[in-house]
Structure formats: C-alpha cells, structure tokens
Amino acid sequence: MARGEALLELRSLTITASVADRQLLLLRDVELEVRAGEVVGVVGESGSGKTTLARSVVGLLERNVQVATGRIELVGEVLVGPGTDLTHTARGRSVGMVFQDASRSLNPLMRVRRHLSEVLERHVDGIGRDEVRARSTEVLRRMRIDDPDRVLDSYPHQLSGGLRQRVAIALAVVTNPALVIADECTTALDVTTQAEVVALFRELVDELHIGLLFVTHDLMLASDLCDRIAVMSQGEVVEVGPTDQVLRHPTVDYTRRLLAAVPHWTEGASATHA
Amino acid sequence: MTEAIETGTAADLVRRPGLTPQDGLVLEIEDLVVQHRRERSRELFTAVDHVSLSIGPGESMGVVGESGSGKTTLAMAATALGAPGTGTIRLLGRDLRSLKRAELRALRPEVQVVFQDPHGSLDPRQSVRSGFKELRALQPRRTDWIDDEDLVGRVRLAPDLLDRYPHQLSGGQAQRVCIARALMMRPRLIVADEPTSGLDVSVQADVLELLREARRTTGASMLFISHDLAVVRSICQRVVVMYRGAVVEQGDAEQVFARPRHDYTRRLLAAMPGSRWRAGR
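Along every chain, residues carry numbers that run from 1 in the direction the sequence is written. Chains and ligands are labelled by the order in which they are written, letters from A for the one and numbers from 1 for the other. Selection of residues for local features in this predicted model requires a pLDDT of at least 70, selection of side-chain atom pairs for listing and counting requires 80 or more, and totals for whole chains, interfaces and linings are taken over all residues. Water and hydrogen atoms play no part in the side-chain values, which are based on all heavy atoms of the structure.

Undergrad: Explain the side chain of B:Arg212 to me, and be specific about the residues and the numbers.
TA: Residues and elements named next belong to chain B. Note on conventions: DSSP H or I runs of at least 4 residues are helices, E runs of at least 2 residues are strands, and numbering of each starts at the N terminus. Along the chain, Arg 212 falls in helix H10 (residues 201-218). Partly exposed describes any residue whose relative accessible area lies between the buried limit of under 20% and the exposed limit of over 50%, with all areas from a 1.4 Å probe on protein chains only and scaled to the type maximum. Overall, the relative accessible area of 14% leaves Arg 212 in the buried class. By the criterion applied in these results, polar contacts are pairs of N or O atoms within 3.5 Å in which, for protein atoms, one can donate a hydrogen and the other can accept it, and in which residues neighboring in sequence qualify only through two side-chain atoms. A polar contact of 3.2 Å, which involves the side chain of Arg 212, links it to the backbone oxygen of Ser 234.

Written out as structure tokens, the structure is:
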C-alpha cells in the first residue's frame, strides 16, 4: 500500500439504533478518512459515538443498529451503504482490531501460538505449517518481544497486561491488514506500558504503512501519536484536522473545553497552587 | 456546630501558630510493612515495604505509582479499619494498634474514603436522601451541622437529585454524592483512591475542583491516590512516589515533579501522555 492512499472513507455516515419504538441517533453525518501511513485519532468523551464509529467499520454492531444514510469504503470497496445490515466481515484480512481489554479478546484456554495460527490459517489461503511458525515468531519480534518462543508457548494469564496487549496487537497485524483500529487499547495499562504501546504503534505505521484509527478518550495520548485528530461529541465529528492545528487552534468550543479540562502542567518550572 | 469550619487556605492552616508539628499531625505512618498472599500461587509478597510518611492538618499528600505499587494498600492502612502488617500507624495522635475495638470505631468517622467507582460505593436500593439518613442515624451529632439540601448544594448538585437512586445518576453525579457523604462527617482526613479515574476529563476537572474546595472549607487533610501525575500535581502539595511497595521518592510536589531525583520518577514523567502538547504550550 502506497503512503498517502485513502484506505478508509466514511461518507456522510449516519447510524441509528432502534430502541423500543424510537430511533436513537448514534452517528450523524460523519465524514472521515484514514490514509496509508497515517494515524487518525478519534477523541471524545463517553457516549460521543467514537466506539460506534470504530465498530461500524468492522461490522461489530448490535442487531438493532442500522445505517440510515452514507457509506463506508475500505480500499475502494463499499463495505456499507444504505440498507446494509452492518454485519459484514471486513475483519481479519483487511482490518485488524485491538480492544481495550486484551485478556477478553484472548481465549484463556489457548496458548498464544494457537491464537496466531488460527488467524493465519483462516485468512491466508494455503499457508503451510512452517510459514505459520515463521510468521508467528516474526510478528512477535516486531512487537519488540525479545523471547517470542516463551510467549508463543504461554497461556494469556501467564503474561503481564502489557505483553497480553502486545499479543493482541500481533493478532491484529499478523495478516498484514491495510487498516488497524484500536479502541481504547491502552486505557487499562500503566502509563509506562502505555507509552511503550504507543511507540510500537508509531513504528508499525511508519514501517508497514498501515493506516491506524486510534480511538481514545485521552486527548493528550492522541496528541502524542496521531497525525490527525477527529473530535467527537454527541455522535458528530465536531472538528477534524492535523494534530497541531486542533491542539493550538481549535475551532469549536467543545475542543477548547476539552483542552481546558486537562490538568495544567508546566514542564520543569513551578506551577502555582490553588 | 452549625457551620463548616471556614479556615482559609490549607497552607494557612499548616502554618497556624501554636500548632507544633508533633501534636498536629493527622496521619503518621512509620516503617509500615504489609504483606499479602497472591491469589493463585499463595506465595507471600510485600505490598508495602517499610514505608514512612506523615500528613499535617489541612495538608494534601499525593501517592503516585503504577498498578501493584502498593498505593491502595497504603491508603487503606490510613482508614482506621484496622492496623494491617507491622509498623506504627497514628491517626490524630492515636496509635491504631493500641486501640480497643470501640475506640477504633469512634475514630473511624474522622477518616472518609472516596473510591474510584462511585456506583460501587452506593447502595443501589437506597435513594441519595435515604443514604444520607442512614449516615445521620449512625452519627447524629457529627452530621447535624448541615441539612441535605445544603449538603448537595456544596457538591453542586440540584436538590431534586436527593430523590434519585444510584442508577439514575451519571458517574460524575454519583461521585459528587460520595464526596457529599464524606463531607457530612466533617472528617479530619479524606482518603481519595483514584476518585476521577473512571470519569470523563471535563467531569474530572469539576470533581477535582470540588475536592479542592472541600479541603479548603473543612480544613480536612487529604491522602490522594492516583496513577495520573498531572492530577496529583494539580491538587497535592506533597507527593510520595511508590514502586513495588517502597517509597522511592517523596517531597514537595513541585520539587519532585520539576526536579525528580529517582530514576523511576523520571520514567513515570517521561511516559506521561501529552508531551507534544506541553512543548508547544
């Protein structure tokens, strides 16, 4: 995939949910694209629609949720248009997904090796046993795991939270998808582990030219990693632009309020106390 | 007493003349060691490893560290629910280990705890008002200084929220109710264990302001546990950095964050998200 090419396009995407006799608006008229080699942050508070957005791309929404208008295109292919039921399965080959809680996306009864081989065998036609082994080791090394053999032979509970999340990321990228979606995938991690995972994502994007849609409630975290940031509120993308522009020159009040709510921090120098 | 003690800033309280540091300390922990058994392997590990610290009246002390660093075990040692492990824990000058059960119980309202999950700390079958009523029945004299309406006003909630049940409250509202319940007891020490970790950032800012104000108006001291350095810096005068059960660094919050001496503190600071934003601020 060439750098800069549009991988994911959301065009005037409106998604509703039927609850009792009412239609709830989950996403309103969302326009967003993710290009190859680019990290796009989707930032918002709880209930802003960011998870709905992420899940609509991988067809992981509830049955009562439907696309009212608009479409989702992935590498030029229309995944979702009006009337489609959002249960498409773009996951695996074209899109990898990383969730908040790695321990819940891993099967506790399966060693890491089997997780990787199942994904590879399902998505890579005619892959042989040797290649499965080679690619499993290689992807863990890419995750900066020094002893891939030990990790491959481990069950999820035998790994630290940080290692489990690396394994979850390995599962998302092992099939060389064009796009990876990460939904609050560092929220449960300690800050030092979180910083490592963020650095790892940056490397993967720069080296493999994948596109990364990084969903988070943490504007500061997004600002460290993302090339562009989309700010969501009440189902709408209220602001989208290059990271520095959104941080330095926010155009909407909501973004300004989010930035103002970040606790003040002066590097080195002393801050005053209330 | 009919009104909260209005005392000016916490710093003024600390500097209040006639209060010698020795008899004025709200919490003193000396050489505390607490061991737990791991759930799976049953092996013993040291959650708090020879920790000493003290908190003066009106002072706010932050405890930072990552998961498993021992910060919650340390905080729970300050709650007068018992005296875990070995070492000295003195609350308002009373050695918890030497107290009889009844004395310990009498001391307990002096410490109020605000937890991370506000919904988990509220009884789902009780409205806010009936929860207040239950607390008042337990401590009638301690709580008669303020009525329910005034109390919820202090945490910026509308009086009609008194008749709601916890599931009808947002996370931020539920946390305000928990803070109100703590304030009602006029505690000398508020222990806040990650009180804003589950909240949206805009709600977090409000709750922090509320805690700051609660400390200002009641003169209570605070032990504030958090993994978030920026939050601790915004609310605490002093800070303790914990790593694997031990205090690796402690001191004035500004000093520690501006000129960290321990490697681990430096690593924590380097891992803080938002460096790009701060650099250009």
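Undergrad: Give a detailed account of the domain arrangement of chain A, specifying residues and quantitative values.
TA: All names here are of chain A. Domain delimitation follows an automatic or database domain assignment. Looking at the assigned domains, one finds that chain A contains domain 1 (1-94 + 178-274) and domain 2 (105-176). The straight-line distance from the C-alpha centre of domain 1 to that of domain 2 is 26 Å. Facing 16 residues of domain 1, the contacting portion of domain 2 comprises 13 residues. Buried area is a sum: the accessible area each of two parts loses on coming together, probed at 1.4 Å, counted once for each and added. Interface of domain 1 and domain 2: buried area, both sides summed, is about 1400 Å²; carbon and sulfur atoms make up 58% of it. We call two residues in contact whenever any of their non-hydrogen atoms come within 4.5 Å of each other.

Undergrad: Which residues make up the pattern of salt bridges, and what values do they have?
TA: Residue and element names in this part refer to chain A. Salt-bridge detection follows one rule: a side-chain nitrogen of Lys or Arg within 4 Å of a carboxyl oxygen of Asp or Glu. Counting across every chain of the model gives 37 salt bridges over all chains. With a shortest N-O distance of 2.6 Å, Glu 38 and Arg 228 are connected by a salt bridge. Placement of Glu 38 in the loop between strand E2 (22-35) and strand E3 (39-44) and of Arg 228 in strand E9 (residues 228-233) is noted, with a sequence separation of 190 residues between them. Arg 228 shares its class with Glu 38; the two are buried. The network of salt bridges with common partners includes Glu 9, Arg 11, Glu 31, Glu 33, Arg 35, Glu 38 and Arg 228.

Undergrad: Help me get a handle on empty space enclosed by the protein, residues and values and all.
TA: Residues and elements named next belong to chain B. Cavity means a closed set of points on a 1 Å grid over the protein atoms alone, one where a 1.4 Å probe fits but cannot get out, pocket means an open set with protein on both sides within 12 Å along at least 5 of 7 lines, and lining means a residue has an atom within 4 Å of a point. Grid points are joined across faces, edges and corners, and a volume is the space filled by probe spheres set on the points. Counted by the stated rule, this structure contains 2 cavities of 30 Å³ or more. In this structure, the largest cavity is lined by Leu 122, Asp 123, Gln 126, Ser 127, Val 128, Gly 131, Pro 166, Val 177 and Arg 181. When contributions to the lining of the largest cavity are tallied by element, the ones reaching two or more residues are helix H6 (128-138) and helix H9 (171-184). Amino acids outside the nonpolar list (Ala, Val, Leu, Ile, Met, Phe, Trp, Tyr, Cys, Pro) and the charged list (Asp, Glu, Lys, Arg) are all regarded as polar, and Gly is one of them. Here the residues of the lining of the largest cavity sort into 4 nonpolar, 3 polar and 2 charged. A volume near 50 Å³ is recorded for the second largest cavity. Considering the residues around the second largest cavity, the lining is formed by Arg 154, Val 155, Ile 179, Leu 183, Leu 210, Glu 213, Ala 214 and Thr 217. Mapped by element, the contributors of at least two residues to the lining of the second largest cavity are H9 and H10. With 4 residues, H10 is the largest single contributor of residues to the lining of the second largest cavity. Residue classes in the lining of the second largest cavity are distributed as 5 nonpolar, 1 polar and 2 charged.

Undergrad: Kindly report on the nonpolar core, identifying the contributing residues and their values.
TA: Nine residue types can take part in a nonpolar core, namely buried Ala, Val, Leu, Ile, Met, Phe, Trp, Tyr and Cys, and a core is a set of them joined through side-chain atoms within 4.5 Å. Counting residues in each nonpolar core, the largest one holds 58 residues, and the members touching the most others are A:Met143, A:Ile169, A:Phe201, A:Leu212 and A:Phe214. A per-element tally of this core places helix H6 (residues 161-173) of chain A first, with 8 residues. With residues up to four places along the chain from it excluded, the contact list for A:Phe201 reads A:Ile169, A:Val180, A:Ala182, A:Cys185, A:Leu212, A:Phe214 and A:Leu225. In this structure, B:Ala192, B:Leu211, B:Met222 and B:Val239 belong to the second largest nonpolar core, which totals 53 residues.

Undergrad: Which residues make up the interface of chain B and chain A, and what values do they have?
TA: Every contact between the two is made by 34 residues of chain B and, on the other side, 33 residues of chain A. For the pairing of chain B and chain A, the buried interface totals around 3000 Å² over both sides, and the portion due to carbon and sulfur atoms is 54%. Of all residues in chain B, B:Arg233, B:Arg276 and B:Trp277 bury the most surface against chain A, accounting for 25% of the area lost on that side. At the boundary of chain B and chain A, one finds 1 salt bridge.

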